[in-house]
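Observations on the three-dimensional arrangement
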Amino acid sequence: MAETQGCLLGLACLADPLLALLLTVVCLPTLLLSYPVCQWTRKCWARYIKWRYPNCIVVEESSTRSILDQGKNQGIYTLLVESPTIVTEHLRNHLVHLAATKPLLRMALTTKCYRYAWENLEEFSVDNHLILSPSLFKGRPITDANVQDYVSDVTSKYLAASYSPWQVHVIGQNTSSRLYFLVRVHHLLLNQEQLALGDFLPLEGTRHHDCLPVDTSPFSEPYAEPSALPRLHQKLTESFSNVWNEFLCNNDPTERPEILKKRISLWQCAKIGVIVWFATVKEISRQYQRREGLSLSEPWPIYLREAHKRNFSWSLIFQALLNLLNPAEIARTTIAWFWYIGVTLTLKSPILFWREIRAVSLLHEHHYYPDSLVSIMSFYLPLIFRASLEMFSILTILASAPFAVIEELFRRRSSAEFRPVSQTGRKVVAWSEEIDVGLLQKIAAVSGAGDAEILLAAAVDSLKEYFRCSGQVIPNEVLATAKFTSQRALYVSDCEARGLLCLALPTTTPHFEDDMVEILQVVQKNIFEARRKQRAIYAITAAETSSGIVTSCLPAIFLKIVLNHLTRRYSIQLTHVDGELPVDGLRSAVFWKPPQGNCSLSMTLHRHGRAVRLGVMGDAMIGPQHAAITRSFPASLEKLARTLGVPSDTPQQSRSPSPVVLPDGMVGNSVDTVDGMQNGF
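The structure reproduced in this document is the subject of the present report. (Residues numbered from 1 in each chain as written. Predicted model: local features only at pLDDT ≥ 70, side-chain atom pairs only at ≥ 80, totals over all residues. Heavy atoms only, no water.)

**Here we look at the environment of E390**
Position of E390 among the secondary structure elements: in helix α11 (residues 373–410). Residue class for E390 comes out buried when judged on its relative accessible area of 17%. For the pair formed by E390 and P226, sequence separation is 164 residues and the distance between their alpha carbons is 6.3 Å. Apart from the residues within four sequence positions on either side, E390 is in contact with P226, S227, A228 and L229. (Helix = DSSP H or I, 4+ residues; strand = E, 2+ residues; numbered from the N terminus. Buried < 20%, exposed > 50% of the residue type's maximum accessible area, 1.4 Å probe, protein only. Contact = heavy atoms within 4.5 Å.)

**A word on the sheet that holds strand β4 (residues 115–120)**
Reading across the sheet, the 3 strands line up as β1-β4-β3 and stay open at both edges, with antiparallel pairing between neighbours. Two strands bound the open sheet, and with one partner strand each, they are β1 (56–58) and β3 (107–112). Recorded for the sheet is a direction-independent mean angle of 35° between the axes of neighbouring strands. Direction of pairing for β3 relative to β4: antiparallel, over a ladder of 6 bridges. Paired with A108 across the bridge in β4 is E119. (Pairing = 2+ DSSP bridges. Axes fitted to C-alpha atoms, helices over the stretch in contact; angles between N-to-C directions.)

**Observations regarding helix α16 (residues 535–547)**
Its 13 residues give α16 an end-to-end C-alpha distance of 18 Å, which sits within 8% of 18 Å, the value for a rise of 1.5 Å per residue. Considered for burial, the residues of α16 that qualify are A536, I537, Y538, T541, A542 and E544. At the exit of α16 stands G548, carrying a positive phi of roughly 65°. (Expected span 1.5 Å × (residues − 1).)

**Looking at the nonpolar core**
It is characteristic of soluble globular proteins that their nonpolar side chains tend to be buried jointly. Grouped together as the largest cluster of nonpolar side chains are 45 residues, with contacts concentrated most on I454, L456, L505 and M603. Top contributing element to this core by residue count: helix α13 (residues 451–469), with 10 residues. Setting aside its immediate chain neighbours within four residues, L456 contacts F219, L503, L505, V523, I527, L574 and L605. Residues M107, W118, F200 and Y491 belong to the second largest nonpolar core, which totals 41 residues. (Core = buried A, V, L, I, M, F, W, Y, C linked by side-chain atoms within 4.5 Å.)

**Points about the side chain of E283**
With respect to the secondary-structure elements, E283 resides in helix α7 (residues 266–291). Judged by relative accessible area, which is 16%, E283 ranks as buried. Apart from residues lying up to four places away in sequence, E283 is in contact with I302, R305 and E306.

**Looking at the pairing of strand β12 (residues 478–486)**
Across a regular strand the side chains alternate sides, sitting on one face of the sheet and then on the other. Most of β12 sits inside the fold, with 8 of its 9 residues counted as buried. Pairing geometry for β12 and strand β13 (residues 500–505), over 6 bridges, is antiparallel. By the bridge assignment, A480 is partnered in β13 with L503. Across 7 bridges, β12 lies against strand β14 (residues 572–578) in parallel orientation. Its bridge partner being in β14, K483 is matched across the sheet by T575.

Read these as spatial facts, not as claims about activity.
Now the structure itself:
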């Protein structure tokens, strides 16, 4: 029996790489054929829309987020900051200047023939986008006690289709409470104009600082970034550039007109032909990038222009052929070659041989004879070896990519359903009290876990409170997608592409019920397995973020079906925000990434300075129970600290207390339970 199980296990281990290779062999030709078809179809459809609606700017590029967009489910990124130093009038002047430099901020986003398009507005005013909060909300002044209710009410409203999809709300300017600024921007506007959410606020201290590297996030870079390949590419590019520039200086008739004033050899004619060909290709590439396309008849005039600059014609080629057959030229060339070989063998070769011997003896001192063959080989051979290993690792990831994606698509796993009925598209939000980073460091010192793993374990425990409040049975696990976002990306436009990982969040544990230490251990194990097995998924999603490689190769309708299936399985979108970036005047911040598709809940572990918050954004259908997650988050972290024997200080009180769920299902605040009955979502 044991031998049979061992044979089956061996066959299974052998079948995985074979299946991955088979899927790669099948999928690669399909993608190569699908890419030109999809690109040509999309360009034709975009040109048709431009012809039908000439006054609109059609959005030609596509992304997974725009594919998941629906009419009532807008992808609005949201950032809430507290800043006592921002003056409303300065904010308005800043938005006026920003709108003057970014034209899409003055245009409305619409859809034409199932594609996004920007439409000019007859009248534009910043006052339609800069909104001051009223002095009263539901009969009460907006204070720290009910600011969460007001912010959630604002985020639950759709952005007006007749305005550009962005808003900045000023909250608390009419009361004695703290001053908050709520920024809401459509994801397409951020992407098209290369903006960050912080660009909509007059912040100081973000432009000239680099975000410190974050190596502690488990959702960032599951594989080592290649270093030898970029280095090899840089050195080869530099070497080729130097050789090419020297080649041009010696053989280009535009640099040396005297070349054409004497009899030209066939070898020199071939050099001029190569220069003309490279110049033509370079000019075609430059015009293609500038105009986003060229007709089939345009490359030939470009070639003729470059050839005319260098007097390269059929007569020059014919003259070179005649010179090749000239007996006097043949005799001169033969004598020159014999002279060169003789000098090389008698004088040059011994000198070069002696330089190579000296280079071997002084190999550790690279400033001696750097142009010798030994020095060049000693530099390039180790670099080529390391680059080959990195290339093999990349090819392994590419070969396993189809298998990893299909395995995640069709693997049977039980998970919670956050979508009991059809979505409204309206989003409600909540955020937790601030957690001091010092408490996380104490827990990490005892448990050996990272800060993100500790926070995730507390968030998983908080999910149980949501299931209890909503009357659902607590599932064994909840599937989620996790992504890291640097602090810099919120305040400064950051083009660094990051992928995501798929996680199973253990809401129940196999051995002990409600044991936080076991939850933390399972979270660590699941993250380790995800980083080990999902390098291909991370690489694919990162490539899609940076260049749209997936949406370029596959039809949109197919991607929409697959993404809707995935967002139904992975019920939570988890975002980890970390990294130090000096931003003057900001006391606290919470970021929300909107859940899209069939996903109804988004959670953000946001570190700002020395404090961490949990932010939750969910579809209005799951409210108000979503606030139970943020309310119980500090208690779950304290419970983990007590279980590990960590002396936890009293958590820093939030400047905006978390809502609590009242017996009749309404939402109130822990500061005032009686008056909180008026603050239900």
